[in-house]
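Commentary on secondary and tertiary structure
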Amino acid sequence: MDYKQHIKIIEDYPTEGVQFKDITPLLQNGEVYKQAIDDLAEYVKSRNANVIAGPEARGFVLGCPIAYTLQKSFVPVRKAGKLPRPVVETHYGLEYGKASLAIHSDAIQPGDRVIITDDLLATGGTIEATIQLVEELGGAVVGCAFLIELAYIDRGEELQDYDVFSLMTYY
């Protein structure tokens, strides 16, 4: 399926020179959204994962229906201060500042095979932070699944050791 036809490009958002990839038209088309989830779920099955982890909020939009479809567990990766029980937390850099992510300290068990899902891979900072949390708890990240990958943005070498799957790539 040509998923790109369901992505709206918004020029100069959120700042001048940026071409924002709006996934909401894809999400609003039930048939296309289902097909995207099914395609991502096939990737998850091929990696023999038993846990899906997704950073808020758009990682939830993909990860939860994949986990439901495959009857796997879903682990929410939240902004600091949003989870009620003991957590592990990491800090990471953003383009204009810093952010923190956390997961419950009992969410990943040693030996769990984890796929990380999110809507878009750009610089990789959020995914790197999520990988750090999963691995700190003893999980093995067996892949990362995205709707969109922005291949024209340098994401460094941090993700080179991980399998990355994207339904769409923009060059």
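Each chain has its residues counted from 1, running along the sequence as written. Only residues with pLDDT of 70 or above have their local features reported here, since the model is predicted, and side-chain atom pairs are shown and tallied only from 80 upward, although totals for entire chains, interfaces and linings are computed over all residues. No hydrogens and no water enter the side-chain calculation; it runs on all heavy atoms of the structure.

By the naming in an unreviewed UniProt entry, the chain is Adenine phosphoribosyltransferase, taken from Geomicrobium halophilum. Quoted verbatim from the Subcellular location (unreviewed entry) field of UniProt, the annotation for the chain is "Cytoplasm". Entered under Sequence similarities (unreviewed entry) in the UniProt record, the comment concerning the chain runs "Belongs to the purine/pyrimidine phosphoribosyltransferase family." UniProt positions are given in the numbering used here, feature names are shortened, and annotations may be inferred rather than shown by experiment.

**Looking at the overall build of the chain**
Of the regular secondary structure elements, the chain holds four helices and nine strands. Helix and strand definitions follow DSSP, with helices as H or I runs of at least four residues and strands as E runs of at least two, each counted in order from the N terminus. For the chain, the sequential pattern of α-helices and β-strands runs β-β-α-α-β-α-β-β-β-β-α-β-β. For the radius of gyration, the atoms used are the C-alpha atoms, and the globule rule reads 2.2 Å times the number of residues raised to 0.38. Its C-alpha atoms give the chain a radius of gyration of 16 Å, near enough to 16 Å, the size a compact globule of 171 residues would have. C-alpha extents for the chain along the principal axes are approximately 40 × 35 × 30 Å. Remark: exposure states derive from per-residue accessible area (1.4 Å probe, protein chains only) relative to the maximum for the residue type, with buried under 20%, exposed over 50%, and partly exposed in between. Within the span of the chain, comprising 171 residues, buried residues form 44% of the whole. For the chain, the accessible area works out to roughly 9,000 Å², and carbon and sulfur atoms hold 47% of it. For the accessible areas, the method is Shrake-Rupley and the probe is 1.4 Å, while residue cover comes only from the protein chains on display.

**So, the pattern of salt bridges**
Pairing between side chains of opposite charge can happen when their charged atoms approach one another. Each salt bridge in this description consists of a side-chain nitrogen of Lys or Arg and a carboxyl oxygen of Asp or Glu lying within 4 Å of one another. Counted under the stated rule, the structure contains six salt bridges. The salt bridge involving D106 is made with R85; its shortest N-O contact spans 3.0 Å. Within this pair, whereas D106 is found in the loop between strand 6 (97–104) and strand 7 (113–121), its partner R85 is found in the loop between strand 4 (73–79) and strand 5 (87–94), the two being separated by 21 residues in sequence. The class of D106 is partly exposed, set by a relative accessible area of 43%. The class for R85 is partly exposed, based on a relative accessible area of 42%.

**So, the state of the cysteines**
Disulfides are defined in this document as cysteine sulfur pairs within 2.5 Å. Taken as a whole, this structure holds zero disulfides when the rule is applied. Of the cysteine sulfurs around C64, a residue in no disulfide, the closest is that of C144, at 17 Å.

**Let's talk about the packing of aromatic side chains**
Ring geometry is summarised as follows: Phe, Tyr and Trp rings, the Trp one being its six-membered ring, pair when their centres sit within 6.5 Å, and such pairs are stacked at plane angles under 30 degrees, edge-to-face over 60 and tilted between the two. In the structure shown here, the tally under the stated rule is three aromatic pairs. Ring plane angle 90° and centroid distance 5.3 Å describe the contact between Y13 and F20, whose orientation is recorded as edge-to-face. Of the residues examined, Y13 reaches a relative accessible area of 45% and is grouped as partly exposed. Since its relative accessible area comes to 27%, F20 is described here as partly exposed. Placement of a positive charge over a ring is assigned whenever Lys NZ or Arg CZ falls within 6 Å of the ring centre and within 35 degrees of the normal to the ring plane. Sitting above the plane of the Y170 ring, K4 keeps its charged end 4.5 Å from the centroid. Over the ring of Y170 we find K21, and its NZ or CZ is 5.0 Å from the ring centre.

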